[in-house]
Structures are given as structure tokens and as C-alpha cells.
Amino acid sequence: MPPTVAFLGLGAIGAPMAAHLARADQSLTIWNRTRARAIDSAAARAGATVAASAADAVRHADIVITCLPQSSDVADLLAADSYAVQNALPDGALFVDCTSGDPDTSRTIAAALATRNIGFIDAPVSGGVVGAEAGNLTVMVGGAESALERARPILANFAGKIVHCGDIGAGHALKAVNNALLALHIWSTAEGLVAAMKAGVSPAVALDVINASSGRSNASINLFPERVLTGAFPRTFRLALLAKDAGIAAAMARGQNGVAPTLQLAADLMRIAHRELGDDVDHVEAVRLVERWAGVELRS
Ligand code: NDP
């Protein structure tokens, strides 16, 4: 029998991930805090059942997938209403947390679930909304390999690459590091383009050269030409979430007594940008703060 799946959290990236499961004729129950979003979702249109509560969604699930903003939201959801969701998880179920979370909280959640014979893997994703819609996300997994093998056919519906990274928390650790690098690439590319612009080089010319040289990154190759120079700034991944991820990476390094000033800088800059620009802006809009401080705009 194919496993029964519950998917909790139909945000910008969770919604297209769940839609792939529904389109694959996967037995799927979905739940979202704002119920209207679940009812209107592509997954529901493709046949997924919309549950009235998170506890109802997981009650008969072999595999439960969560995609919430941060690990504390996952822990709170499990604990809400006197642990209604945690207690509704069937014996032997597997909990797959696709949230970009933090390793410590995941280890705590996993330990609590293990006492009820429920497995846990952290399985954050990269590739953005575009990758989620195309079904070719990269999934970085922490936890037992046997648990990953159990989840792999389900994850494969929205993943192009699935990598076992280590023990519980390893996926979250790697995801946080990746996103701290993303933050640094966005911020440093903006500063560099501003400096070049003030030296008389247009941002388009600067990007053309950088992208044929060793300073290039996904930010310079894709994000700046498509989103910054055009001024389009589509909202795909909130700056608040990138600030959270950079903060996790910096906290990890501090907890290891590591000397990681650049990770800390990424966390500090994203925290300041989030505070200055607000909760709803996209992550690439961090560039707007660089522009504000410099008194110029990087547009074609
Ligand atoms: P969104 O902000 O778009 O959506 C968040 C989702 O979580 C919504 O469904 C929201 O419900 C729900 N939610 C928020 N708070 C709670 C809570 N306390 N209890 C229950 N549900 C809650 O986030 P994304 O979909 O963009 O991101 C989800 C995760 O995926 C994050 O960890 C993010 O870092 C990660 N991620 C996102 C990517 C992207 O490109 N967007 C790329 C890779 C990873 P409601 O509808 O009620 O608000």
C-alpha cells in the first residue's frame, strides 16, 4: 500500500510542494493555519483532502510533512491544545520537517517523538518557489538513512536531488549555512555594484563582467539581472525568513565556539535589513537598504 501523507503549511513554497504530491495521485491530506489558503490551493484542486485541524490531518498519516517558517512553529504546533497534534500521530509514523529550521530544536522534537515510536528527519529544501513549481528542489536530510529511504519516494515528487547530510539537525545546519552565503552574496554584490556605479561603471556593464569573472554567484547571475536591475523584486522568499536562516548559522558557529565573523555579519545585516524594510518584503529587497545608505539605485 502506498503511504498516506499529511502536509501541514501551504505557504509560498509548501503550496507547490504539496501540489506535486496531489498530482501524483498520492493519498494526501493538507492543512493550513489560514484554512482558505488550503481550500484554494492547487493541491486541493488536484484532489487532496482539506482537514479541519492539524490533528485531523495527521490522524491516519504514515508520513507527515511540515513546512512552516521556523522550528519553534513546528514545536508549538505539536504542543498546541495539550499536544493534540503530537498525540494524534499514529504509532510508527514518520515526521518529515521541510521547514528551514534549527538543529537544536529539531533534536528536541525528534527526541519527544521517539518516545512515541515516531521517526523524524529534517528535510529542508533549496531551489526556491521556481524549483518547487518545477519539482526539482534539492532536499538536504538529517536523520537515520532508513527513515530517509522511507520518505524518499514521497520527497522525489518535488525533488531533483535528495542528499543525506548526517544525523538529525544536519539538514537544517547545512540549509542555514547555504542561506547565510546567499545573504552575503546578495549584500556584497549590491555594495560592489554601488561602488562600481559611483566609479562610473553602469550596473549592467559591471554584472556582465563579473558574471564572466570569478566574483560571480547565483545572486549576480540570476537575482540582480532579473530582480534588481529591472526593479521587479517579486516576493518569493521573505527577507524575514532569510534573516532567520542567517541567524541560525551564526548561532551555530557561536555555539561551537567558532570564529566566524562573516556568518555573524550576515546575520546582523539581515536582521537590520528586516527591521528597516519590514516583514513582508522579499529577501532580494535587502538591496534596497544598501541603496538607501548609498543614496543611489541599481537599475538598468
Ligand atoms: P510563508 O511565509 O510563505 O508561509 C508560511 C506558512 O506557514 C504559511 O502556510 C503559514 O500559514 C504557516 N504558518 C506560519 N506561522 C505558523 C504557525 N505559528 N503555526 C502554523 N502555521 C504557521 O513561508 P514559505 O512557504 O516561504 O517558507 C516556509 C519554510 O520554507 C520556511 O522555513 C522557509 O525558510 C523555507 N523555504 C522557503 C523558500 C521560498 O523560496 N519561499 C525556499 C526554501 C526554503 P498562514 O497561511 O496561516 O499564514
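Along each chain, the written sequence defines residue order, and numbers are assigned to residues from 1. Thresholds applied to this predicted model are a pLDDT of at least 70 for local features of residues and 80 or more for the giving and counting of side-chain atom pairs; totals over whole chains, interfaces and linings are not thresholded and use all residues. Values reported for side chains reflect all heavy atoms of the structure, with hydrogen atoms and water molecules removed beforehand.

A.B. asks: Got a minute to help me understand the overall build of the protein chain in this structure?
C.D. replies: Looking only at helices and strands, the protein chain has 14 helices and nine strands in total. Rg of the C-alpha trace for the protein chain: 20 Å, near the compact-globule value of 19 Å for 300 residues, within the 12% margin. Based on the C-alpha atoms only, the size of the protein chain along its principal axes is roughly 65 × 45 × 35 Å. Within the protein chain, the fraction of its 300 residues that count as buried is 50%. For this analysis, residues touch if any pair of their heavy atoms sits within 4.5 Å. Put simply, 65% of the contacts in the protein chain that link residues at least 6 apart link residues at least 24 apart. Entry remark: accessible area of the protein chain is about 13,200 Å², with carbon and sulfur atoms responsible for 53%. Charge separation in the protein chain, taken as the distance between the mean sites of 24 positive and 28 negative side-chain charges, equals 3 Å. Counting from the N terminus, the helices are the DSSP runs of H or I reaching at least four residues and the strands are the DSSP runs of E reaching at least two. Within these notes, the globule rule equals 2.2 Å times the number of residues to the 0.38 power, and the radius of gyration is based on C-alpha atoms. Relative accessible area decides the class of each residue, using a 1.4 Å probe on protein chains only: under 20% of the type maximum gives buried, over 50% gives exposed, and in between gives partly exposed. Each accessible area value is a Shrake-Rupley result obtained with a 1.4 Å probe; residue values ignore everything except the protein chains displayed when judging cover. Counted charges follow a simple rule, with Lys and Arg positive, Asp and Glu negative, and His plus the chain ends left uncounted. Taken as the charge centre is NZ of Lys, CZ of Arg, CG of Asp or CD of Glu, depending on the residue.

A.B. asks: Got a minute to help me understand the pairing of strand β2 (residues 28-31) in this structure?
C.D. replies: The side chains of a regular strand alternate, first on one face of the sheet and then on the other. Side chains L28 and I30 of β2 all project onto a buried face; the interleaved residues T29 and W31 project onto the opposite face, where all are buried too. With the strands aimed away from the viewer, a crossover counts as right-handed if its path from the first strand over the helix to the second runs clockwise. The parallel pair strand β1 (residues 5-8) and β2 is bridged by helix α1 (residues 14-23), and the resulting crossover is right-handed. Paired strands are those between which DSSP finds at least two bridges. Across two bridges, the pairing between β2 and strand β3 (residues 49-50) is parallel. Bridge pairing in β3 places I30 opposite V50.

A.B. asks: Is there a simple way to explain helix α10 (residues 203-210) in this structure?
C.D. replies: Each α-helix winds once per 3.6 residues, and so residues spaced three or four apart point in a common direction. Where α10 is concerned, the buried positions are P203, A206 and L207. Relative to the axis of α10, the buried residues are bounded by an arc of 95 degrees and lie together on one face. The secondary structure elements touched by the buried residues of α10 are α9 (170-198) and α11 (218-228). Directions drawn from the helix axis to the C-beta atoms are what define this arc.

A.B. asks: Would you explain the nonpolar core in this entry?
C.D. replies: In terms of nonpolar packing, the biggest core is built from 45 residues, with I186, W187, F224, V228, M270, V287 and L298 touching the most fellow members. Mapped by element, the contributors of at least two residues to this core are α9, α10, α11, α12 (239-255), α13 (261-277) and α14 (286-294). Sort the elements by how many residues they give to this core and α9 lands first, with twelve residues. Residues within four places of I186 in sequence aside, it is in contact with A219, L223, F224, L242, H283, V284 and V287. Core analysis: the next-biggest nonpolar cluster, separate from the first, contains 34 residues, A18, I30, I121 and A123 among them. To define a nonpolar core, start from buried Ala, Val, Leu, Ile, Met, Phe, Trp, Tyr and Cys residues and group those joined through side-chain atoms within 4.5 Å.

A.B. asks: Looking at this structure, I do not really get the domain arrangement of the protein chain. What am I missing?
C.D. replies: Frequently, the measure chosen for interface size is the accessible area removed from exposure when the parts meet. Domains assigned within the protein chain are domain 1 (5-167) and domain 2 (173-294). In this document the domain limits rely on a domain assignment from an automatic tool or a database. A C-alpha centroid distance of 28 Å is found between domain 1 and domain 2. Reported buried area values correspond to the accessible surface (1.4 Å probe) lost by two parts on association, with both partners' losses combined. For the pair domain 1 and domain 2, the summed buried surface comes to about 840 Å²; carbon and sulfur atoms form 69% of the total. When the area that domain 1 buries against domain 2 is broken down by residue, the three leading residues are S100, P103 and M140, summing to 40%. Each reported salt bridge corresponds to a side-chain nitrogen of Lys or Arg within 4 Å of a carboxyl oxygen of Asp or Glu. There are zero salt bridges connecting domain 1 and domain 2. What qualifies as a polar contact is a pair of N or O atoms within 3.5 Å, subject to a donor-acceptor requirement within protein and to the restriction that residues adjacent in sequence count only when both atoms come from side chains. Between domain 1 and domain 2 we count three residue pairs in polar contact (both at pLDDT 80 or more) in total.

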